[in-house]
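Structure assessment
Letter by letter, the chains look like this.
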Amino acid sequence: MTLSPAVRIGLFATIGWVLLVAGFWLFGPEGAPRSGLARLGTVVSVLAPVVLIWMAALAADALAVLRSEADSLRLVVDAMRREASGASLVRAESLDAAPPAAAAAARPRPAAAPAASQTAAPGDTRQSRLDLGPPEAAPPPAEISPRDLILSLNFPDGPDDSEAIAALHTALADPDLARVIRAAQDVITLLAGKGIYMDDQQPDLPRPELWRRFAEGMRGGAVAGLAGLRNREIEALLARSLREDDILRDAVHHFLRQYDRMLGAQVARLDDAQLVTLSDTRSGRAFMLLGRVAHSFG
């Protein structure tokens, strides 16, 4: 099993401390205290550094894992954006490279000025008007499945999570869902920069009917149960950050609006189990946490 750098450092520090204590015990001065309180103090002084070493090592290891996941998520979404931009560029280049003859044929020709000898009689209907009808609208994006919707709003766990990456690609093809996903990515990244990670949060998942009421426009006590993330320390940090950080405040308000609109459009398509799963995604947890701090639920 491969040990992380933080765990290896903790292991080496523990071994060093044990060797130091053993050396002091073997070669130190005689006359150790005999009272129970003194012995308790000796045991605590020996074990406390070991506990502190491993608390620091495990915290550093968890922080490294969460930072790696955040970086992987950022890379995946950035790759999706570049792919979408590249596809648009290819289409534009293909249009620019059309053969001159085809381009000339596609351009509307100016109407020829009628000659005096060819003026049509008032009742002549041989030159009928060509009705092209309204311009053809671009086809709407295919409706995303509830499963892909949930996977895309939870984001891939890394570059090897091909299933979630495919779902994210499908969701980004829908302009409305793309706005929600990018807004969620922005706030999750900003929160991670403040040491707040959605994977660490353990919400009390709301009942599905609360999400349906919220999607129908209900606010206040009727949907107060949606504030399922309760952490006073994080709430205080976020409340202070929203007052002081303009970038975070704008990103949070934008995300809350976009997620609210997405719920209004998608809730009717989801069954109760899917609504519960959606609320437990990284985006859903962020919405519950930020909505609680911003008093969106009443």
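A brief report on the enclosed structure follows. (Residues numbered from 1 in each chain as written. Predicted model: local features only at pLDDT ≥ 70, side-chain atom pairs only at ≥ 80, totals over all residues. Heavy atoms only, no water.)

1. Observations regarding the nonpolar core
- By size, the foremost hydrophobic cluster in this structure holds 48 residues, and its most contacted members are Leu238, Phe255, Tyr259, Leu263, Phe287 and Leu290.
- Among the elements of the structure, helix 4 (146-154), helix 5 (162-172), helix 6 (175-193), helix 7 (208-215), helix 8 (232-244), helix 9 (246-266), helix 10 (272-279) and helix 11 (282-293) are those that each provide at least two residues to this core.
- Of all the elements, helix 6 adds the most residues to this core, at 9 residues.
- Once residues lying within four places of it in the same chain are set aside, the contact partners of Leu290 are Val187, Leu191, Leu238, Val252, Phe255 and Leu256. (Core = buried A, V, L, I, M, F, W, Y, C linked by side-chain atoms within 4.5 Å. Buried < 20%, exposed > 50% of the residue type's maximum accessible area, 1.4 Å probe, protein only. Helix = DSSP H or I, 4+ residues; strand = E, 2+ residues; numbered from the N terminus. Contact = heavy atoms within 4.5 Å.)

2. So, the environment of Ala215
- Residue placement: Ala215 occurs in helix 7.
- The class for Ala215 is partly exposed, based on a relative accessible area of 25%.
- Taking C-alpha positions, Ala215 is 7.3 Å from Asp260, a pair spaced 45 residues apart along the chain.
- Discounting residues that sit within four places of it in the chain, Ala215 has contacts with Leu263, Gly264 and Val267.

3. Describing helix 8
- Helix length check: helix 8 (13 residues) gives 18 Å between terminal C-alpha atoms against 18 Å at 1.5 Å per residue, within 8%.
- The set of residues buried in helix 8 consists of Ile234, Glu235, Leu238, Ser241 and Leu242. Looking straight down helix 8, one finds its buried side chains confined to an arc of 130°; they lie on one side. Seen from the open side of helix 8, the exposed residues pointing more than 90 degrees away from its buried face are Arg232, Glu233, Arg243 and Glu244.
- Those residues of helix 8 that are buried lie in contact with helix 6, helix 9 and helix 11.
- Capping of helix 8 at its N-terminal end is provided by Asn231; its side-chain oxygen lies 3.2 Å from the backbone amide nitrogen of Glu233. (Expected span 1.5 Å × (residues − 1). Arc of directions from axis to C-beta. Polar contact = N/O pair within 3.5 Å; in protein donor to acceptor, adjacent residues only side chain to side chain.)

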